[in-house]
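Geometric and topological summary
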Amino acid sequence: IDSGPGHEVSAILHKQLDALATQQLSWQVHLWPGQQLDWEIDAPIEREAGGAGADLPEWRTSLRLTLPRLGAVSAELAISGDRVSVRLQADDVEHASQLMLARPALASAMEAAGLQLTQATVDHHD
């Protein structure tokens, strides 16, 4: 298999064309040794006319990682203007409870960043 500069350019071009076709961008990153982050960003979705903020596109993003004290965690965010909805999922009930207790801190951090947390749900894998 060719691993020269032309192959690298071809791989990057292929990924860009996939992103255009699917309207989705996906990254798999090693944050530090043994820690991988899977992150997806979907293209904005236009809301149906008549709803609150109907003219604002809605971005959706999700990420998955394993944290030392919380285990496997996934997060799904929907962002429209300054409004954010978050759904967190932990690998067990104990970790989900810890995330639930942190919801007020999440809302405060969002507010400090100029965002309004409209919904924050937490559940766990069965």
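Residues numbered from 1 in each chain as written. Predicted model: local features only at pLDDT ≥ 70, side-chain atom pairs only at ≥ 80, totals over all residues. Heavy atoms only, no water.

Comments concerning the nonpolar core
To be explicit about the condition: Here, nonpolar core means buried Ala, Val, Leu, Ile, Met, Phe, Trp, Tyr and Cys residues that are tied together by side-chain atoms lying within 4.5 Å of each other. Exposure categories follow from relative accessible area, calculated using a 1.4 Å probe and restricted to protein chains: below 20% of the type maximum is buried, above 50% is exposed, and the middle band is partly exposed. Helix and strand definitions follow DSSP, with helices as H or I runs of at least four residues and strands as E runs of at least two, each counted in order from the N terminus. In what follows, a contact means two residues having at least one pair of non-hydrogen atoms within 4.5 Å.
By size, the foremost hydrophobic cluster in this structure holds 12 residues: Leu 70, Val 73, Ala 75, Leu 77, Val 84, Val 86, Leu 88, Ala 90, Ala 96, Leu 99, Met 110 and Val 122. Elements represented by at least two residues in this core include exactly strand 4 (71–80), strand 5 (83–90) and helix 2 (93–101). Per-element tally for this core: the top contributor is strand 5, with 4 residues. With residues up to four places along the chain from it excluded, the contact list for Met 110 reads Val 84, Val 86, Leu 115 and Leu 117.

Some words on the pairing of strand 5
For clarity, the cut-off: Whether two strands pair comes down to DSSP finding at least two bridges between them.
Where strand 4 and strand 5 come together, 8 bridges link them in antiparallel fashion. From the neighbouring strand, Ala 78 faces strand 5, where its bridge partner is Ser 85. Here strand 4 hands over to strand 5 after 2 residues, with Gly 81 in that stretch at a positive phi of 65°.

A look at the environment of Thr 66
Inspection of the secondary structure assignment puts Thr 66 in strand 3 (residues 57–67). Classification of Thr 66 as partly exposed rests on a relative accessible area of 48%. Along the primary structure Thr 66 and Gln 36 are separated by 30 residues, whereas in three dimensions their C-alpha atoms are 7.6 Å apart.

Looking at the pattern of salt bridges
What counts is decided by this rule: Any carboxyl oxygen of Asp or Glu within 4 Å of a side-chain nitrogen of Lys or Arg constitutes a salt bridge here.
Counted under the stated rule, the structure contains 4 salt bridges. With a shortest N-O distance of 3.6 Å, Arg 87 and Glu 76 are connected by a salt bridge. Pair noted here: Arg 87 is in strand 5 and Glu 76 is in strand 4, with a separation of 11 residues, a long-range link. Given the relative accessible area of 31%, Arg 87 is considered partly exposed. Take Glu 76: its relative accessible area is 42%, and that puts it in the partly exposed class. Connected through salt bridges with shared partners, the residues Glu 76, Arg 87 and Asp 123 form a single ionic network.

So yeah, pure geometry; function would need other evidence.
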